[in-house]
Amino acid sequence: MKRIFCSILAGSLLVLSLAGCQKESETLIPVTLNEVAHSIFYAPQYAAIELGYFEEEGIDLTLVNGNGADKVMSALISGDADIGFMGSEASIYTYAQGSEDYGVNFAQLTQRAGNFLVGRKPEADFKWENLIGTKVLGGRAGGCPRMM
């Protein structure tokens, strides 16, 4: 059974795992990374790409914007991507449908998520309980921010 590894930080793990390794040849290994969206939270990755760190570690990285977790998962399953940056929802849906070829996520690798709660009026003493009985727009149904 082929398993696909995907996560928001999988690419970073790849770079970290190769840090300090000596290249045995000048041939770069092609790796396609499909990200769910361009985001400021991926700034370290963008800097590593621009500064040539992937090439230094023997990786010829191709970055693709998937425009949604469902499209990232499709790219992983079809073999169009080697790594996907996305939340866990697409992997959960794929696994729940009984697929033998589903994504395996790395979770809780960061201390913070990139989600924000924004209100129309300032609340100096905000508590999460204040949301009870209110309507919260959380993105698309089934998406990671809304699931959380």
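Residues numbered from 1 in each chain as written. Predicted model: local features only at pLDDT ≥ 70, side-chain atom pairs only at ≥ 80, totals over all residues. Heavy atoms only, no water.

As recorded in an unreviewed UniProt entry, the chain goes by ABC transporter substrate-binding protein and comes from Candidatus Copromonas faecavium. In its Subcellular location (unreviewed entry) section, the UniProt record describing the chain reads: "Periplasm". Within the UniProt record for the chain, the comment given under Sequence similarities (unreviewed entry) is "Belongs to the bacterial solute-binding protein SsuA/TauA family." (UniProt positions renumbered as here; feature names shortened; annotations may be inferred.)

### Re the packing of helix H4 (residues 69–78) against helix H5 (residues 89–96)
H5 packs onto H4 with a crossing angle of 60° between their chain directions and a minimal axis gap of 8 Å. The angle between H4 and H5 places the two elements in the oblique class. Helix-helix and strand crossings are classified by hand; for H4 and H5 the assignment is right-handed. For the pair formed by H4 and H5, the contact residues are Ala69, Asp70, Met73 and Ile77 on the first element and Glu89, Ala90, Ser91 and Thr94 on the second. Broken down by class, the residue content of the contact of H4 with H5 amounts to four nonpolar, two polar and two charged. (Axes fitted to C-alpha atoms, helices over the stretch in contact; angles between N-to-C directions. Helix = DSSP H or I, 4+ residues; strand = E, 2+ residues; numbered from the N terminus. Parallel < 35°, antiparallel > 145°, perpendicular 65-115°, else oblique. Left-handed = near helix turned anticlockwise from the far one by under 90°. Contact = heavy atoms within 4.5 Å. Nonpolar A, V, L, I, M, F, W, Y, C, P; charged D, E, K, R; others polar.)

### Some details on the pairing of strand S2 (residues 29–35)
Extensive coverage of S2 is indicated by the burial of five of its seven residues. Taken together, the seven bridges between S2 and strand S3 (residues 59–65) define a ladder with parallel strand orientation. Opposite Thr32, over in S3, you have Thr62 as the bridge partner. The pairing of S2 with strand S4 (residues 83–85) spans three bridges and is parallel. Counted as the bridge partner of Glu35 is Phe85 from S4. (Buried < 20%, exposed > 50% of the residue type's maximum accessible area, 1.4 Å probe, protein only. Pairing = 2+ DSSP bridges.)

### Some thoughts on the pattern of salt bridges
A full pass over the atoms with the stated rule returns one salt bridge. Between Asp70 and Lys71 there is a salt bridge whose closest N-O contact spans 3.9 Å. (Salt bridge = Lys/Arg side-chain N within 4 Å of Asp/Glu carboxyl O.)

### Remarks on the environment of Leu131
With respect to the secondary-structure elements, Leu131 resides in the loop between strand S5 (103–105) and helix H6 (144–147). Not counting residues up to four positions away in its chain, the partners in contact with Leu131 are Leu117, Phe126 and Val136.

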